[in-house]
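Understanding the architecture of this molecule
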Amino acid sequence: MGVKPLPGLKKVLAAIPESMHPARVRAIMTHERDGLWIDDAMLSPRDWLLSGGDVAKVEGIFRSVGLS
């Protein structure tokens with residue numbers, strides 16, 4: 001059984017600023033973020049996408065951190 005890509009990955013990758021270091025991308029994708037909640041649990045963008053969450057929210061996270 002092969003590994004399936006993260007749902008919405010192509011859209012998320014397109015939203016990541018080219019100058020962002022891969023370590024920062026990893027940190028953003030794997031740490032819980034305010035605004036990504038299911039029930040009472042705050043999720044990381046990775047877990048949000050795996051649970052079927054809206055890809056646009058993760059795109060927005062990368063767009064907003066790219067502005068800083």
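Criteria and thresholds
Residues numbered from 1 in each chain as written. Predicted model: local features only at pLDDT ≥ 70, side-chain atom pairs only at ≥ 80, totals over all residues. Heavy atoms only, no water. Helix = DSSP H or I, 4+ residues; strand = E, 2+ residues; numbered from the N terminus. Rg over C-alpha atoms; globule rule 2.2 N^0.38 Å. Salt bridge = Lys/Arg side-chain N within 4 Å of Asp/Glu carboxyl O. Buried < 20%, exposed > 50% of the residue type's maximum accessible area, 1.4 Å probe, protein only.

1. What to know about the overall build of the protein chain
- A tally of helices and strands in the protein chain yields 4 helices and 2 strands.
- The order of helices and strands in the protein chain, counted from the N terminus, is α-α-β-β-α-α.
- Relative to the compact-globule value of 11 Å for 68 residues, the protein chain shows a C-alpha radius of gyration of 12 Å, a close match.
- Considering only C-alpha atoms, the protein chain reaches an extent of 30 × 30 × 20 Å along its principal axes.

2. Structural notes on the pattern of salt bridges
- Evaluation of the coordinates by the stated rule reveals 2 salt bridges.
- Note that Arg46 is salt-bridged to Asp47, the shortest N-O span being 2.8 Å.
- Its relative accessible area of 40% is what places Arg46 among the partly exposed residues.
- Using a relative accessible area of 34% as the deciding quantity, one classes Asp47 as partly exposed.
- Residue Arg63 is joined to Glu59 by a salt bridge in which the shortest nitrogen-to-oxygen separation is 3.9 Å. Of the two residues, Arg63 and Glu59 are both situated in helix H4 (residues 55–66); the distance of 4 residues between them amounts to about one turn of the helix.
- For Glu59, a relative accessible area of 13% puts it in the buried group.

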